[in-house]
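What follows is the residue order along each chain.
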Amino acid sequence: MKRFRAFLRKYYEVISYLFWGGMTTLVSWGTYSIFVTIIKSVATANVLSWICAVLFAFVTNKLWVFRSKKWSPSVVLPEFWKFIASRLATGVLEILGVPFLVKIGLNQQILGIDGMLAKVVVSIAIVILNYVASKLLVFKKK
């Protein structure tokens, strides 16, 4: 049990990021599924699901991954804007990547949802890029 606790302490940030990244991905996929069913547009559903996921990710990354507990405007506003800017950069990859992969033939359904395989492939790349940006740019320790 001591080894397990030591492992968790040592790798808390990565484990926490993977957990909350997974939850963010579920928010993205879930809202994508809802939006694509209602709107019938892969591109529009993808943009809306991205917005939902980014807002969820900011809060979870701030509180539980990088443990940035201060909510004063002088702290949270720069974090928020850096987070949004980094997510916009990776968001461009997602927003363009999913429809592109669908267009070139990765339009397989998962659970009856059009384009979901493309969404999964792009999501894996996004999780990795977002961790690096959050760690090095947004929530860096002083």
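In this text, all values refer to a predicted model and were calculated from it rather than measured experimentally.

1. A word on the overall build of the chain
So, point 1. Counting its regular elements, the chain contains five helices and zero strands.
So, point 2. Along its sequence from the N terminus, the chain presents helices and strands in the succession α-α-α-α-α.
So, point 3. In terms of its C-alpha atoms, the chain occupies a principal-axis envelope of roughly 45 × 40 × 25 Å.
So, point 4. Residues counted as buried form 38% of the 142 residues belonging to the chain.
So, point 5. At a minimum sequence separation of 6, the contacts of the chain that also span at least 24 residues come to 65%.

2. Describing the environment of Ile126
So, point 1. Assignment of secondary structure puts Ile126 in helix α5 (residues 116–138).
So, point 2. Note on Ile126: relative accessible area 7%, which makes it buried.
So, point 3. Separated by 35 residues in the primary sequence, Ile126 and Gly91 have C-alpha atoms spaced 8.0 Å apart.
So, point 4. In this view, Ile126 contacts Thr90, Leu93 and Glu94; residues no more than four positions away in its chain are not counted.

3. A word on the pattern of salt bridges
When their charged atoms lie close together, side chains carrying opposite charge are able to pair.
So, point 1. Inspection of the entire model under this criterion finds three salt bridges.
So, point 2. A salt bridge links Lys135 to Glu13, with the shortest nitrogen-to-oxygen separation between them at 2.8 Å. Of this pair, Lys135 sits in helix α5 while Glu13 sits in helix α2 (residues 12–39), and the two are 122 residues apart along the sequence.
So, point 3. Taking the relative accessible area as the measure of exposure, Lys135 reaches 37% and is therefore partly exposed.
So, point 4. Close ionic contact of Lys62 with Glu79 constitutes a salt bridge, the shortest N to O distance being 2.6 Å.

4. Points about the packing of aromatic side chains
So, point 1. Across all of its chains, the model carries 13 aromatic pairs by this definition.
So, point 2. Each ring, one from Tyr17 and one from Phe66, has its centre 6.5 Å from the other, and the planes form 50°; the classification is tilted. One end of the pair, Tyr17, is in helix α2; the other, Phe66, is in the loop between α3 (42–65) and α4 (73–103), with 49 residues separating them in the sequence. You'll find Tyr17 and Phe66 in the same group, each marked buried.
So, point 3. With 5.1 Å between their ring centres and 70° between their planes, Phe80 and Trp81 make a pair best called edge-to-face.

5. Examining the environment of Asn61
So, point 1. Within the element layout of this structure, Asn61 appears in helix α3.
So, point 2. Owing to a relative accessible area of 2%, Asn61 belongs among the buried residues under this scheme.
So, point 3. Along the primary structure Asn61 and Ser134 are separated by 73 residues, whereas in three dimensions their C-alpha atoms are 8.2 Å apart.
So, point 4. With sequence-adjacent residues up to four places away left out, Asn61 is seen in contact with Tyr17, Phe66, Arg67, Phe83, Arg87, Ser134 and Phe139.

6. Overview of the nonpolar core
So, point 1. Within the largest apolar cluster, 14 residues are counted, with the highest numbers of intra-cluster contacts made by Tyr17, Val54, Phe58, Val65, Phe66, Phe83 and Phe139.
So, point 2. Taken together, the elements giving at least two residues each to this core come down to α2, α3, α4 and α5.
So, point 3. Of the residues forming this core, the biggest block, five residues, is contributed by α3.
So, point 4. For Val65, the contacting residues outside a window of four places in its chain are Tyr12, Glu13, Ser16, Tyr17, Trp20 and Thr60.
So, point 5. The next biggest cluster of nonpolar side chains, apart from the first, holds six residues, and it includes Val98, Val102, Val122 and Ile126.

What counts and what doesn't
Residues numbered from 1 in each chain as written. Predicted model: local features only at pLDDT ≥ 70, side-chain atom pairs only at ≥ 80, totals over all residues. Heavy atoms only, no water. Helix = DSSP H or I, 4+ residues; strand = E, 2+ residues; numbered from the N terminus. Buried < 20%, exposed > 50% of the residue type's maximum accessible area, 1.4 Å probe, protein only. Contact = heavy atoms within 4.5 Å. Salt bridge = Lys/Arg side-chain N within 4 Å of Asp/Glu carboxyl O. Phe/Tyr/Trp six-rings, centres within 6.5 Å; stacked < 30°, edge-to-face > 60°. Core = buried A, V, L, I, M, F, W, Y, C linked by side-chain atoms within 4.5 Å.

Geometric values such as these leave the question of function open.
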